[in-house]
Amino acid sequence: MRLAYGIAVLIGAAALGMTSHASYAQQTVKAILLSTSIQLDTHNVKPGRVTIDVKNAADNNMEHELVVLKTDLADDALPLSKGQVPEQKLRKVGEVEDIAPGKSKHMSFRLTPGHYVLICNKPGHYAAGMHTALAVTP
Ligand SMILES: [Cu+2]
């Protein structure tokens, strides 16, 4: 028990250390959801805490979402099953869910170096073109 507690404290301290370090490099990516694309103001960020500001500016009066996947696949080459990308088969970092038409939402993610794909996974929306890539490089 004592040993487990000690390890937990060490892990906790390491996590805190990462948090404070990452806060120095806080970054924001602006994402605009359109009915046939997702537009970002940058496709490159540094590792650490990244806030994604998502605006649903699509002209089809539908709810959209932004799912963040970590994958080496190109953003237009994800698997599809019945009109949706099987998120459980990919490494899902998180998602900004259910953004009403004309509305914005934001969420922060802790991103490690790698290639990410951002998609809207409402049925049919990925195939309609709602996807883009984001690179996280030190
Ligand atoms: Cu959508």
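Cut-offs used in this document
Residues numbered from 1 in each chain as written. Predicted model: local features only at pLDDT ≥ 70, side-chain atom pairs only at ≥ 80, totals over all residues. Heavy atoms only, no water. Pairing = 2+ DSSP bridges. Helix = DSSP H or I, 4+ residues; strand = E, 2+ residues; numbered from the N terminus. Axes fitted to C-alpha atoms, helices over the stretch in contact; angles between N-to-C directions. Core = buried A, V, L, I, M, F, W, Y, C linked by side-chain atoms within 4.5 Å. Buried < 20%, exposed > 50% of the residue type's maximum accessible area, 1.4 Å probe, protein only. Contact = heavy atoms within 4.5 Å. Donors = N, O, S within 2.8 Å, 3.2 Å for Na, K, Ca; no water. Polar contact = N/O pair within 3.5 Å; in protein donor to acceptor, adjacent residues only side chain to side chain. Salt bridge = Lys/Arg side-chain N within 4 Å of Asp/Glu carboxyl O.

Comments concerning the sheet that holds strand β7 (residues 104-111)
Taking strand neighbours across the sheet as the criterion, the four strands line up as β2-β1-β4-β7 in an open arrangement whose pairing is mixed. Either end of the sheet is taken by a strand with one partner, and the two such strands are β2 (37-40) and β7. Mean inter-strand twist for the sheet, computed between neighbouring axes without regard to direction, equals 25°. The pairing of strand β4 (residues 48-56) with β7 spans eight bridges and is classified as antiparallel. Within the sheet, the bridge partner assigned to Val50 lies in β7 and is Phe109.

A closer look at the nonpolar core
Counting residues in hydrophobic clusters, the biggest one holds 21 residues, and the most contacted among them are Leu33, Leu40, Ile52, Val54, Leu66, Leu111 and Leu134. Setting aside residues up to four positions removed in sequence, Leu40 forms contacts with Val29, Lys30, Ala31, Leu118, Thr132, Ala133 and Leu134. Membership of the second largest hydrophobic core comes to eight residues, among which are Val67, Val85, Val117 and Ile119.

Concerning the sheet that holds strand β5 (residues 64-70)
Spatial ordering of the open sheet is given by β3-β9-β8-β5-β6, a layout of five strands whose pairing is mixed. Both edges of this open sheet fall to β3 (44-45) and β6 (91-99), since each of them pairs with a single strand only. Across four bridges, the pairing between β5 and strand β8 (residues 114-119) is antiparallel. Bridging across to β8, Lys70 finds its partner in Tyr116.

A few points about the coordination of the copper ion
Protein coordination of the copper ion is provided by His64 (ND1), Cys120 (SG), His125 (ND1) and Met130 (SD), with donor distances spanning 2.0 to 2.8 Å. Every donor residue of the copper ion comes from the same chain, spaced as H-x55-C-x4-H-x4-M. Each member of the pair His125 and Met130 is classed as buried.

Quick word on the pairing of strand β9 (residues 131-136)
The element β9 is largely enclosed, with a buried count of five among its six residues. Pairing of β3 with β9, which is carried by two bridges, proceeds in the parallel orientation. Counterpart to Val45 in the pairing with β9 is Val136.

Some remarks on the side chain of Glu87
Examined against the element boundaries, Glu87 turns out to sit in the loop between β5 and β6. Classification of Glu87 by relative accessible area gives buried; the value is 15%. At 2.6 Å, the side chain of Glu87 and the side chain of Lys92 are in polar contact. Sequence-distant contacts of Glu87, that is, excluding residues within four places in its chain, are made with Glu65, Val67, Lys92, Glu95 and Asn121.

Section: the environment of Lys122
Tracing the sequence through the fold places Lys122 in the loop between β8 and α2 (125-128). The exposure class of Lys122 is buried, given its relative accessible area of 19%. Here the alpha-carbon distance between Lys122 and Asp98, two residues 24 residues apart in the chain, equals 9.3 Å. If we skip the residues at most four places from it in the chain, Lys122 touches Glu63, His64, Glu65, Gly83, Gln84 and Asp98.

What about the pattern of salt bridges?
Going through the model one piece at a time under the given rule, you end up with four salt bridges. Between Lys122 and Glu63 there is a salt bridge, with its nearest N and O atoms 4.0 Å apart. Placement of Lys122 in the loop between β8 and α2 and of Glu63 in the loop between β4 and β5 is noted, with a sequence separation of 59 residues between them. The partner of Lys92 in a salt bridge is Glu87, with the nearest N and O atoms 2.6 Å apart. The class for Lys92 is partly exposed, based on a relative accessible area of 37%.

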